Amino acid sequence: SLLFSKRTTKLKHLIQSKELEFIMEAHNGLSALIVQEAGFKGIWASGLSMSAQLGVRDCNEASWTQLLEVLEFMAERTTIPILMDGDTGFGNYNNARRLVRKLEERGIAGVCFEDKIFPKRNSLGDGAQELANIQEFSNKIKACKDYQRDKDFQIVARCESFIAGWGLENALERCEAYRKAGVDAILIHSKKSDFTEIEQFLKAWNNRLPVVIVPTNYYKTPTEEFRKHNVSLAIWANHNLRACIKAMQDTSKQIFERQNLIGLDNIASVKEVFRLQNEQGLEEDDKKYL
Ligand code: SPV
Ligand code: MG
């Protein structure tokens, strides 16, 4: 059964299932485990969140090998599939396919590449966005699909036409080219606060391949709308990062101001920290091996 399948196969089923599925952002081993314990069937290794937790910008300031180390911890503490935000692939087709190989070696189930220029910029910012050449990006996808060893490893092509201000026709032309290049799914992104762009795309796209969305800015759209328009996978892309930023700011401020720890109630117990680290597992092994 699917319960015992490889993570790549699990991610493939999430993407291909007729149901609307959800994956949740994580950015290190701890948050990945928390996402799994909450009941999610998959994890979004967000580029924004992984870079932010390192304290750097989301424009490829963290190298791809530094991100691999983060991903390795995330994979170690979980059994559900992880979809890595692979940005533009950190170079040309050859850099992108080497990343695919290293992700496969570390148990990551898939990667999403976006059709922009290295170094990329976060899609929700105000700056201008430059798109990759369609042919070049399609060939990058094809090279990665040709290179992967596990046939179920998932490659998602992320189209940034709306983000860059190019509109529906450009989005459709690009996604059709990526489909022909052999990609497993399309991620169509929008930074509008309503669902209109995505809805137009979904109607015109007409289920040619599964579609992934990231409803960060249009979060007010009822989830039922996503279902109605046959969205395959919705990504809650950065909400654990934002939750812990707020919690850490409040906690640091309170302790700084009060110079004591009294009345601090919005924090986990040390016992809970130990549980998440699986201290008990080591204690049991100590009895066996020490
Ligand atoms: C991310 O989570 O890093 C994403 C989604 O790529 S967005 O921040 O909307 O670009
Ligand atoms: Mg990103």
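Keep in mind it's a predicted model, so treat the numbers as computed, not measured.

*Asks:* Help me out: how do you make sense of helix α3 (residues 47–54) in this one?
*Replies:* Counting along an α-helix, one turn takes 3.6 residues, and residues three or four places apart therefore face a common direction. Among the residues of α3, G47, S49, M50 and S51 are the ones counted as buried. On its buried side, α3 packs onto β1 (21–26), β2 (43–45), α4 (64–76), β3 (82–85) and α10 (239–258). Just downstream of α3 lies G55, where phi reads positive at about 85°.

*Asks:* How do you make sense of unusual backbone geometry when you look at a structure like this?
*Replies:* Most peptide bonds take the trans form, and the phi angle of most residues other than glycine is negative. For the bond from F118 to P119, the omega torsion is -5°, close enough to zero to count as cis. Positive phi, normally seen in glycine, also occurs at N206, with a value near 55°. Among the structural elements, N206 can be located in the loop between α8 (196–205) and β7 (211–213). When its relative accessible area of 57% is taken as the criterion, N206 is described as exposed. A positive phi angle is found at N230, which is not glycine, with a value near 60°. Position of N230 relative to the elements: it lies in the loop between α9 (223–228) and β8 (233–236).

*Asks:* Sorry if this is basic, but what is going on with the site of ligand 1 here?
*Replies:* Taken together, the neighbourhood of ligand 1 is formed by W44, S46, G47, L48, D85, N122, S123, L124, R158, H189 and A237. A distance of 3.1 Å is found between an oxygen atom of ligand 1 and a backbone nitrogen or oxygen belonging to G47. N122 has a polar side-chain atom sitting 2.9 Å from an oxygen atom of ligand 1. When ligand 1 sits alone it has 280 Å² of accessible area, and the protein chains cover 100% of it. Per-class residue counts for the shell around ligand 1 are four nonpolar, five polar and two charged.

*Asks:* Explanation requested: the side chain of S232 in the structure shown.
*Replies:* Following the sequence through the fold, S232 ends up in the loop between α9 and β8. S232 sits in the buried class, given a relative accessible area of 5%.

*Asks:* Please clarify how the sheet that holds strand β6 (residues 185–188) should be interpreted in this entry.
*Replies:* Paired through their backbone hydrogen bonds, the strands of a sheet run either parallel or antiparallel. Spatial ordering of the closed barrel is given by β1-β2-β3-β4-β5-β6-β7-β8, a layout of eight strands whose pairing is parallel. Strand-to-strand, the axes of this sheet are offset by a mean angle of 30°, without reference to chain direction. The sheet contacts of helix α1 (residues 7–16) involve β1, β3, β4 (110–114), β5 (154–159), β6 and β8, and relative to β5 the element is tilted by about 45°. Each of β1 and β8 is contacted by α10, which is oriented at about 40° to β1, the strand it contacts most.

*Asks:* Help me understand the packing of helix α7 (residues 167–180) against α8, please; the structure alone is not making it clear to me.
*Replies:* What describes two packed helices is the angle between their axes and the distance between those same axes. Remark: α7 packs on α8, axes separated minimally by 10 Å, with the N-to-C direction vectors making an angle of 50°. Relative to α8, the element α7 lies oblique. Both α7 and α8 take part in a crossing whose hand is right-handed. For the pair α7 and α8, the contacting residues are L168, A171, L172, C175, E176 and R179 in the first and Q200, F201, A204 and W205 in the second. Tallied by class, residues from the contact of α7 with α8 come to seven nonpolar, one polar and two charged.

*Asks:* What is the right way to look at the packing of aromatic side chains in this model?
*Replies:* Geometrically, a pair of aromatic rings is defined through the distance of the ring centres and the angle of the planes. Inspection of the entire model under this criterion finds seven aromatic pairs. Taking 5.5 Å as the distance between ring centres and 10° as the angle between the ring planes, the aromatic pair formed by F22 and W236 counts as stacked. Of this pair, F22 sits in strand β1 while W236 sits in strand β8, placing them 214 residues apart in sequence. Put simply, the rings of F195, Y218 and F226 pair up and form one aromatic cluster.

*Asks:* It is not clear to me how the nonpolar core should be interpreted in this structure. Could you clarify?
*Replies:* Most often, soluble globular proteins keep nonpolar side chains buried together rather than apart. Ranked by size, the top nonpolar core spans 56 residues in total, and within it L71, M74, F201 and I213 carry the most contacts. For this core, the leading source of residues is α4, giving six residues. Non-local contacts of M74, meaning those with residues more than four positions away in its chain, are made with A26, H27, N28, G29, A32, I43, A45, M50 and I82. Ranked by size, the runner-up nonpolar core spans 16 residues in total, among them L11, I15, L83 and A109.

*Asks:* Explain the side chain of K10 here, please?
*Replies:* By secondary structure assignment, the location of K10 is in helix α1. At 12 Å, D152 is the nearest oppositely charged side chain to K10, a buried residue that forms no salt bridge. With sequence-adjacent residues up to four places away left out, K10 is seen in contact with L2, L3, S5, T79 and P81.

*Asks:* Quick question: what am I supposed to make of the pattern of salt bridges here?
*Replies:* Any two side chains of opposite charge can pair, so long as their charged atoms come close to each other. Within this structure, the stated rule accounts for 28 salt bridges. Put simply, E104 and R101 hold a salt bridge, and the shortest N to O gap is 3.9 Å. With E104 and R101 both in helix α5 (residues 93–105) and three residues apart, the pair spans about one turn of that helix. Owing to a relative accessible area of 18%, E104 belongs among the buried residues under this scheme. Residue classification places R101 among the buried positions, given a relative accessible area of 11%. Taking the shortest distance from any N to any O, the salt bridge between E199 and K203 comes out at 3.1 Å. On the criterion of helical spacing, the pair formed by E199 and K203 is a turn pair, its members being four residues apart in helix α8. Among the charged side chains, a network of salt bridges with common partners joins D58, D87, E114, K116, K120, R158 and E160.

Cut-offs applied
Residue positions are given per chain, counting from 1 as you read along its sequence in written order. Labels are handed out in written order, letters beginning with A for the chains and numbers beginning with 1 for the ligands. Owing to the predicted nature of the model, reporting of local features is limited to residues with pLDDT of at least 70; listing and counting of side-chain atom pairs is limited to 80 or more, with chain, interface and lining totals taken over all residues. Computation of side-chain values: all heavy atoms of the structure, hydrogens and water removed. The classification of residues rests on relative accessible area computed with a 1.4 Å probe and restricted to protein chains. Under 20% of the type maximum is buried, over 50% is exposed, and intermediate values are partly exposed. The helix and strand labels rest on DSSP assignments: H or I over at least four residues marks a helix, E over at least two residues marks a strand, and numbering proceeds from the N terminus. Residues count as neighbours in contact if any of their non-hydrogen atoms are within 4.5 Å of one another. For each residue, the test is whether any non-hydrogen atom lies within 4 Å of the molecule or strand; if one does, the residue is near. Within 3.5 Å is the distance limit for a polar contact, defined as a pair of N or O atoms, with the added protein rule that one can donate a hydrogen and the other accept it, and that residues adjacent in sequence qualify only through two side-chain atoms. Shrake-Rupley sampling with a 1.4 Å probe provides the accessible areas, and residues are treated as covered by the protein chains on show and by no other component. Put simply, Ala, Val, Leu, Ile, Met, Phe, Trp, Tyr, Cys and Pro go in the nonpolar bin, Asp, Glu, Lys and Arg in the charged bin, and everything else, Gly too, in the polar bin. In this scheme, strands are said to pair when DSSP sees at least two bridges between them. Axis lines are fitted through C-alpha atoms, for helices just across the contact stretch, and the angle between N-to-C directions can take any value from 0 to 180 degrees. Roughly parallel refers to an angle under 35 degrees, roughly antiparallel to one over 145, roughly perpendicular to one between 65 and 115, and oblique to any angle outside these ranges. Left-handed describes a crossing whose near helix is turned anticlockwise from the far helix by less than a right angle; the clockwise case is right-handed. Only centres within 6.5 Å qualify two rings of Phe, Tyr or Trp (six-membered ring in Trp) as a pair; their planes then separate them into stacked at under 30 degrees, edge-to-face at over 60, and tilted for everything else. The set of buried Ala, Val, Leu, Ile, Met, Phe, Trp, Tyr and Cys residues whose side-chain atoms join them within 4.5 Å is what this entry labels a nonpolar core. Charge counting follows a simple rule: Lys and Arg are positive, Asp and Glu are negative, and His as well as the terminal groups are ignored. When a carboxyl oxygen of Asp or Glu is within 4 Å of a side-chain nitrogen of Lys or Arg, the pair counts as a salt bridge.

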